[in-house]
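Here is how the chains run, residue by residue.
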Amino acid sequence: MNRTNPVGVFDSGIGGLTVVKELDQILPNENLIYFGDTARVPYGSKSNETVIEYSKQDAKFLLNKNVKMIIVACNTASSVALKELRKSFDIPIVGMIEPGVKAAIEKTKNGKIGVIGTHSTINNKAYSRELLKQNKKLQVYEKACPLFVPLAEEGMIDHPATKLIAEDYLTELKKKKVDTLILGCTHYPILSKVIQEIMGNNVTLIDSGKAASSIVESYLQGRGLRNESHQIGKREYYVSDLPQKFKTIASTFLGKPISDLRKIDLEELF
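Values in this document were obtained by computation on a predicted structure and should not be read as measured data.

Draft legend 1. Examining the overall build of the chain more closely. Along the chain, the regular secondary structure elements total eleven helices and ten strands. When its C-alpha atoms are laid out on the principal axes, the chain stretches across 50 × 40 × 40 Å. Total accessible area on the chain is roughly 12,300 Å²; 48% of this is exposed by carbon and sulfur atoms. Charge centroids of the chain, computed over 37 positive and 31 negative side chains, lie 6 Å from each other.

Below, the structure written as C-alpha coordinates:
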(Lines give C-alpha, C1' and ligand atoms only; values in the text may rest on other atoms or scores of the structure.)
Protein backbone atom coordinates (compact mmCIF):
# COMPACT_ATOMS: atom_id res chain seq x y z
CA MET A 1 0.00 0.00 0.00
CA ASN A 2 1.38 3.37 -1.06
CA ARG A 3 1.20 6.35 1.28
CA THR A 4 0.08 8.56 -1.60
CA ASN A 5 -2.92 6.35 -2.40
CA PRO A 6 -6.18 8.19 -1.69
CA VAL A 7 -8.56 7.70 1.20
CA GLY A 8 -12.01 6.68 -0.04
CA VAL A 9 -15.23 8.06 1.43
CA PHE A 10 -18.76 7.03 0.48
CA ASP A 11 -22.23 8.10 1.51
CA SER A 12 -25.76 7.63 0.22
CA GLY A 13 -25.75 11.25 -0.86
CA ILE A 14 -24.25 14.53 0.23
CA GLY A 15 -24.18 14.25 4.03
CA GLY A 16 -20.78 12.57 4.04
CA LEU A 17 -19.24 15.85 2.94
CA THR A 18 -19.35 16.91 6.60
CA VAL A 19 -16.83 14.09 7.14
CA VAL A 20 -14.72 15.33 4.22
CA LYS A 21 -14.73 18.79 5.81
CA GLU A 22 -13.27 17.31 9.01
CA LEU A 23 -10.68 15.34 7.03
CA ASP A 24 -9.70 18.57 5.25
CA GLN A 25 -8.89 20.05 8.66
CA ILE A 26 -7.10 17.05 10.17
CA LEU A 27 -5.45 15.51 7.09
CA PRO A 28 -5.11 18.26 4.46
CA ASN A 29 -2.28 16.46 2.65
CA GLU A 30 -4.23 13.25 2.03
CA ASN A 31 -5.73 12.60 -1.38
CA LEU A 32 -9.47 11.97 -1.04
CA ILE A 33 -12.03 10.34 -3.31
CA TYR A 34 -15.69 10.84 -2.41
CA PHE A 35 -18.62 8.92 -3.84
CA GLY A 36 -22.19 10.03 -3.18
CA ASP A 37 -24.86 7.59 -4.36
CA THR A 38 -27.29 10.40 -5.12
CA ALA A 39 -29.33 8.31 -7.57
CA ARG A 40 -30.39 5.93 -4.80
CA VAL A 41 -30.53 8.24 -1.77
CA PRO A 42 -31.75 7.86 0.95
CA TYR A 43 -30.41 4.62 2.37
CA GLY A 44 -32.23 5.28 5.64
CA SER A 45 -35.57 4.12 4.23
CA LYS A 46 -34.23 1.00 2.48
CA SER A 47 -34.22 -2.60 3.75
CA ASN A 48 -31.07 -3.91 5.44
CA GLU A 49 -30.42 -6.26 2.50
CA THR A 50 -30.58 -3.39 0.03
CA VAL A 51 -28.28 -1.18 2.12
CA ILE A 52 -25.72 -3.99 2.32
CA GLU A 53 -25.87 -4.55 -1.44
CA TYR A 54 -25.50 -0.84 -2.23
CA SER A 55 -22.69 -0.42 0.29
CA LYS A 56 -20.70 -3.26 -1.26
CA GLN A 57 -21.10 -1.67 -4.67
CA ASP A 58 -19.97 1.70 -3.34
CA ALA A 59 -16.92 0.11 -1.71
CA LYS A 60 -15.99 -1.72 -4.93
CA PHE A 61 -16.16 1.54 -6.84
CA LEU A 62 -13.67 3.13 -4.42
CA LEU A 63 -11.41 0.06 -4.46
CA ASN A 64 -11.19 0.39 -8.23
CA LYS A 65 -9.72 3.84 -7.55
CA ASN A 66 -6.92 2.21 -5.50
CA VAL A 67 -7.90 3.70 -2.15
CA LYS A 68 -5.83 2.69 0.90
CA MET A 69 -8.79 2.72 3.29
CA ILE A 70 -12.53 3.38 3.20
CA ILE A 71 -14.66 5.59 5.41
CA VAL A 72 -18.35 4.70 5.47
CA ALA A 73 -19.60 8.26 5.94
CA CYS A 74 -23.20 7.13 6.28
CA ASN A 75 -24.66 6.16 9.63
CA THR A 76 -27.27 3.90 8.04
CA ALA A 77 -24.65 1.96 6.08
CA SER A 78 -22.39 1.89 9.15
CA SER A 79 -25.15 0.45 11.32
CA VAL A 80 -26.29 -2.14 8.76
CA ALA A 81 -23.43 -3.03 6.43
CA LEU A 82 -20.10 -2.46 8.23
CA LYS A 83 -19.60 -6.07 9.36
CA GLU A 84 -20.36 -7.40 5.86
CA LEU A 85 -18.00 -4.87 4.28
CA ARG A 86 -15.16 -5.87 6.59
CA LYS A 87 -15.77 -9.54 5.79
CA SER A 88 -15.87 -8.89 2.05
CA PHE A 89 -12.91 -6.55 1.56
CA ASP A 90 -9.32 -6.84 2.77
CA ILE A 91 -8.83 -3.13 3.45
CA PRO A 92 -9.25 -0.95 6.56
CA ILE A 93 -12.86 0.26 6.79
CA VAL A 94 -14.01 2.85 9.35
CA GLY A 95 -17.68 3.52 10.10
CA MET A 96 -19.47 6.19 12.08
CA ILE A 97 -20.90 4.21 15.00
CA GLU A 98 -17.82 3.13 16.99
CA PRO A 99 -16.06 6.54 16.87
CA GLY A 100 -19.27 8.35 17.87
CA VAL A 101 -19.85 5.98 20.78
CA LYS A 102 -16.28 6.36 22.02
CA ALA A 103 -16.51 10.15 21.93
CA ALA A 104 -19.90 10.19 23.71
CA ILE A 105 -18.71 7.93 26.54
CA GLU A 106 -15.67 10.16 27.05
CA LYS A 107 -17.85 13.29 27.28
CA THR A 108 -20.90 12.24 29.34
CA LYS A 109 -20.92 13.11 33.02
CA ASN A 110 -24.37 11.90 34.09
CA GLY A 111 -24.46 8.77 31.91
CA LYS A 112 -27.54 9.94 29.98
CA ILE A 113 -26.83 9.91 26.25
CA GLY A 114 -29.23 10.86 23.46
CA VAL A 115 -28.97 9.65 19.87
CA ILE A 116 -30.69 11.16 16.83
CA GLY A 117 -30.61 9.65 13.34
CA THR A 118 -32.62 8.27 10.44
CA HIS A 119 -35.37 5.72 10.97
CA SER A 120 -33.02 2.93 9.84
CA THR A 121 -30.20 3.87 12.20
CA ILE A 122 -32.57 4.25 15.15
CA ASN A 123 -34.61 1.11 14.39
CA ASN A 124 -31.42 -0.95 14.14
CA LYS A 125 -30.36 0.36 17.57
CA ALA A 126 -26.79 0.54 16.31
CA TYR A 127 -25.70 3.24 18.75
CA SER A 128 -27.59 2.01 21.81
CA ARG A 129 -26.24 -1.53 21.38
CA GLU A 130 -22.66 -0.32 21.11
CA LEU A 131 -23.04 2.18 23.97
CA LEU A 132 -24.48 -0.43 26.34
CA LYS A 133 -21.86 -2.93 25.21
CA GLN A 134 -19.21 -0.49 26.38
CA ASN A 135 -21.03 0.50 29.59
CA LYS A 136 -24.21 -1.25 30.79
CA LYS A 137 -24.94 1.53 33.30
CA LEU A 138 -25.57 4.14 30.62
CA GLN A 139 -29.08 5.41 29.97
CA VAL A 140 -29.57 5.76 26.21
CA TYR A 141 -32.47 7.56 24.54
CA GLU A 142 -32.89 7.42 20.76
CA LYS A 143 -35.03 9.53 18.45
CA ALA A 144 -35.52 9.37 14.67
CA CYS A 145 -35.36 12.83 13.05
CA PRO A 146 -35.96 12.08 9.34
CA LEU A 147 -36.86 15.64 8.27
CA PHE A 148 -33.43 16.93 9.28
CA VAL A 149 -31.94 15.44 6.10
CA PRO A 150 -34.05 17.35 3.54
CA LEU A 151 -33.82 20.51 5.66
CA ALA A 152 -30.01 20.30 5.58
CA GLU A 153 -29.92 19.53 1.85
CA GLU A 154 -32.20 22.48 1.08
CA GLY A 155 -29.93 24.75 3.08
CA MET A 156 -32.73 25.67 5.51
CA ILE A 157 -30.28 26.12 8.36
CA ASP A 158 -31.77 29.27 9.92
CA HIS A 159 -35.33 28.80 8.69
CA PRO A 160 -38.16 29.13 11.28
CA ALA A 161 -39.60 25.80 10.09
CA THR A 162 -36.34 24.08 10.98
CA LYS A 163 -36.49 25.36 14.53
CA LEU A 164 -40.12 24.27 14.95
CA ILE A 165 -39.37 20.77 13.66
CA ALA A 166 -36.23 20.53 15.79
CA GLU A 167 -38.16 21.55 18.90
CA ASP A 168 -40.76 18.87 18.18
CA TYR A 169 -38.08 16.19 17.72
CA LEU A 170 -35.78 17.18 20.57
CA THR A 171 -38.14 18.11 23.42
CA GLU A 172 -38.45 14.44 24.40
CA LEU A 173 -34.68 14.05 24.74
CA LYS A 174 -34.36 17.34 26.60
CA LYS A 175 -36.88 16.11 29.18
CA LYS A 176 -34.72 13.03 29.73
CA LYS A 177 -31.91 15.39 30.83
CA VAL A 178 -29.31 13.92 28.48
CA ASP A 179 -25.98 15.72 28.79
CA THR A 180 -24.56 14.29 25.55
CA LEU A 181 -26.27 14.02 22.16
CA ILE A 182 -24.86 11.95 19.29
CA LEU A 183 -25.63 13.41 15.86
CA GLY A 184 -26.17 10.00 14.29
CA CYS A 185 -26.43 11.20 10.70
CA THR A 186 -23.75 13.02 8.74
CA HIS A 187 -26.29 15.62 7.61
CA TYR A 188 -27.03 16.74 11.14
CA PRO A 189 -23.85 18.77 11.87
CA ILE A 190 -25.16 21.27 9.31
CA LEU A 191 -28.03 21.91 11.74
CA SER A 192 -25.89 21.85 14.89
CA LYS A 193 -26.54 25.51 15.66
CA VAL A 194 -30.31 25.07 16.01
CA ILE A 195 -29.90 21.68 17.72
CA GLN A 196 -27.54 23.21 20.29
CA GLU A 197 -29.88 26.16 20.81
CA ILE A 198 -32.79 23.86 21.64
CA MET A 199 -30.85 21.35 23.75
CA GLY A 200 -28.97 24.05 25.67
CA ASN A 201 -25.28 24.78 26.09
CA ASN A 202 -24.96 22.23 28.89
CA VAL A 203 -25.47 19.42 26.36
CA THR A 204 -22.42 18.27 24.38
CA LEU A 205 -23.09 17.47 20.72
CA ILE A 206 -21.10 14.55 19.30
CA ASP A 207 -20.29 14.74 15.59
CA SER A 208 -19.60 11.12 14.59
CA GLY A 209 -17.83 12.25 11.43
CA LYS A 210 -15.41 14.39 13.43
CA ALA A 211 -14.76 11.49 15.79
CA ALA A 212 -14.20 9.12 12.85
CA SER A 213 -11.74 11.52 11.23
CA SER A 214 -9.58 11.46 14.37
CA ILE A 215 -9.55 7.66 14.28
CA VAL A 216 -8.54 7.72 10.60
CA GLU A 217 -5.64 10.02 11.45
CA SER A 218 -4.46 7.70 14.23
CA TYR A 219 -4.78 4.64 12.01
CA LEU A 220 -2.79 6.10 9.11
CA GLN A 221 -0.10 7.45 11.45
CA GLY A 222 0.19 4.19 13.38
CA ARG A 223 0.61 2.07 10.26
CA GLY A 224 2.94 4.39 8.39
CA LEU A 225 0.32 5.14 5.74
CA ARG A 226 -0.04 8.87 6.30
CA ASN A 227 0.74 10.97 3.25
CA GLU A 228 3.83 12.99 4.19
CA SER A 229 3.60 15.30 1.19
CA HIS A 230 3.74 19.02 1.92
CA GLN A 231 1.22 19.71 -0.83
CA ILE A 232 -2.54 19.94 -0.31
CA GLY A 233 -4.10 16.64 -1.31
CA LYS A 234 -6.21 16.16 -4.42
CA ARG A 235 -10.00 15.97 -4.02
CA GLU A 236 -12.16 13.97 -6.43
CA TYR A 237 -15.94 13.80 -6.16
CA TYR A 238 -18.22 11.29 -7.89
CA VAL A 239 -22.01 11.07 -7.81
CA SER A 240 -24.54 8.76 -9.44
CA ASP A 241 -27.03 11.54 -10.29
CA LEU A 242 -27.67 15.31 -10.30
CA PRO A 243 -24.09 16.59 -10.29
CA GLN A 244 -25.12 20.26 -10.62
CA LYS A 245 -27.40 20.16 -7.58
CA PHE A 246 -24.71 18.33 -5.66
CA LYS A 247 -22.19 21.00 -6.60
CA THR A 248 -24.48 23.77 -5.35
CA ILE A 249 -25.29 22.12 -2.01
CA ALA A 250 -21.71 20.92 -1.50
CA SER A 251 -20.47 24.47 -1.01
CA THR A 252 -22.81 24.75 2.02
CA PHE A 253 -21.53 21.50 3.52
CA LEU A 254 -17.83 22.11 2.85
CA GLY A 255 -17.77 25.87 3.25
CA LYS A 256 -16.07 26.20 -0.13
CA PRO A 257 -16.82 25.39 -3.79
CA ILE A 258 -15.78 22.10 -5.39
CA SER A 259 -14.38 21.69 -8.89
CA ASP A 260 -13.54 18.06 -9.70
CA LEU A 261 -17.04 16.54 -9.79
CA ARG A 262 -18.09 13.73 -12.13
CA LYS A 263 -21.30 11.79 -12.66
CA ILE A 264 -20.98 8.03 -13.13
CA ASP A 265 -23.51 5.57 -14.56
CA LEU A 266 -25.07 3.14 -12.09
CA GLU A 267 -23.82 0.32 -14.34
CA GLU A 268 -20.30 1.11 -13.13
CA LEU A 269 -21.31 -0.09 -9.65
CA PHE A 270 -22.45 -3.56 -10.74
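There is more to say, and it comes next.
Draft legend 2. Summary view of the side chain of Ser79. Position of Ser79 relative to the elements: it lies in helix 3 (residues 75-88). Given a relative accessible area of 14%, Ser79 falls into the buried group.

Draft legend 3. Expanded view of the sheet that holds strand 6 (residues 139-144). In space, the four strands of this open sheet follow the order 6-5-7-8, with parallel pairing throughout. Each having just a single partner strand, strand 6 and strand 8 (204-207) make up the two edges of the open sheet. Between one strand axis and the next, the sheet turns through 20 degrees on average, direction left out of account. Of the strand pairs in this sheet, strand 5 (residues 112-117) and strand 7 (residues 180-184) are connected by five bridges, and their pairing is parallel.

Draft legend 4. The pattern of salt bridges, seen in detail. Counted according to the given criterion, the structure contains 16 salt bridges. Residues Asp58 and Arg40 are paired through a salt bridge, measuring 3.8 Å at the closest nitrogen-oxygen approach. A residue pair is termed long-range when its members are at least 10 positions apart, and Asp58 in helix 2 (residues 48-63) and Arg40 in the loop between strand 2 (32-36) and helix 2 qualify at 18 residues. Residue Arg40 is classed as buried on the basis of its relative accessible area of 9%. Bridged by salt links that share partners, the residues Asp24, Arg235 and Lys256 form one connected network.

Draft legend 5. Focus on the pairing of strand 8. Of the strand pairs in this sheet, strand 7 and strand 8 are connected by four bridges, and their pairing is parallel. Its bridge partner lying in strand 8, Ile182 is registered against Ile206. Remark: the strand 7/helix 9 (residues 192-199)/strand 8 crossover connection has right-handed handedness.

Draft legend 6. The arrangement of the pairing of strand 3 (residues 69-72) in detail. What you see with strand 3 is no split at all: Met69 and Ile71 on one side and Ile70 and Val72 on the other are buried throughout. Pairing of strand 1 (residues 7-11) with strand 3 involves four bridges; the strand directions are parallel. When the sheet's bridge partners are listed, Val9 is paired in strand 3 with Ile71. The handedness of the strand 3 to strand 4 (residues 93-94) crossover, carried by helix 3, is right-handed.

Draft legend 7. Representation of the side chain of Ser12. Examined against the element boundaries, Ser12 turns out to sit in the loop between strand 1 and helix 1 (17-26). Each residue touching Ser12, except ones within four places of it in the same chain, is listed here: Gly36, Asp37, Thr38, Val41, Tyr43 and Cys74.

Draft legend 8. Region of interest: the packing of helix 8 (residues 160-175) against helix 9. Closest axis-to-axis distance for the helix 8/helix 9 pair is 9 Å, and the angle between their directions is 45 degrees. One way to sum up the angle between helix 8 and helix 9 is to call them oblique. Helix 8 and helix 9 meet at a crossing whose hand is right-handed. On helix 9, the residues touching Thr162, Lys163, Ala166, Glu167, Leu170, Leu173 and Lys174 of helix 8 are Val194, Ile195, Glu197, Ile198 and Met199. In the contact of helix 8 with helix 9, the residues fall into seven nonpolar, one polar and four charged.

Draft legend 9. Structural context of the packing of aromatic side chains. All told, the structure shown has seven aromatic pairs when counted by the stated rule. An angle of 75 degrees between the planes, with centres 5.3 Å apart, marks the rings of Phe61 and Tyr238 as edge-to-face. Residue Phe61 is located in helix 2, and its partner Tyr238 is located in strand 9 (residues 235-239); the two are separated by 177 residues in the primary sequence. Measuring from centroid to centroid gives 5.2 Å for Phe148 and Tyr188, while their planes differ by 85 degrees, and the two rings are edge-to-face. A residue pair is termed long-range when its members are at least 10 positions apart, and Phe148 in helix 7 (residues 148-153) and Tyr188 in the loop between strand 7 and helix 9 qualify at 40 residues. Judged on exposure class, the residue Phe148 and its partner Tyr188 are both buried. Pairwise contacts between aromatic rings join Tyr34, Tyr237 and Phe246 into one cluster.

Rules of the game
Residues numbered from 1 in each chain as written. Predicted model: local features only at pLDDT ≥ 70, side-chain atom pairs only at ≥ 80, totals over all residues. Heavy atoms only, no water. Helix = DSSP H or I, 4+ residues; strand = E, 2+ residues; numbered from the N terminus. Areas by Shrake-Rupley, 256 points an atom, 1.4 Å probe, with all protein chains shown as cover. Lys, Arg positive; Asp, Glu negative; His and termini not counted. Charge placed at Lys NZ, Arg CZ, Asp CG, Glu CD. Buried < 20%, exposed > 50% of the residue type's maximum accessible area, 1.4 Å probe, protein only. Pairing = 2+ DSSP bridges. Axes fitted to C-alpha atoms, helices over the stretch in contact; angles between N-to-C directions. Salt bridge = Lys/Arg side-chain N within 4 Å of Asp/Glu carboxyl O. Right-handed = clockwise from strand over helix to strand, strands pointing away. Contact = heavy atoms within 4.5 Å. Parallel < 35°, antiparallel > 145°, perpendicular 65-115°, else oblique. Left-handed = near helix turned anticlockwise from the far one by under 90°. Nonpolar A, V, L, I, M, F, W, Y, C, P; charged D, E, K, R; others polar. Phe/Tyr/Trp six-rings, centres within 6.5 Å; stacked < 30°, edge-to-face > 60°.

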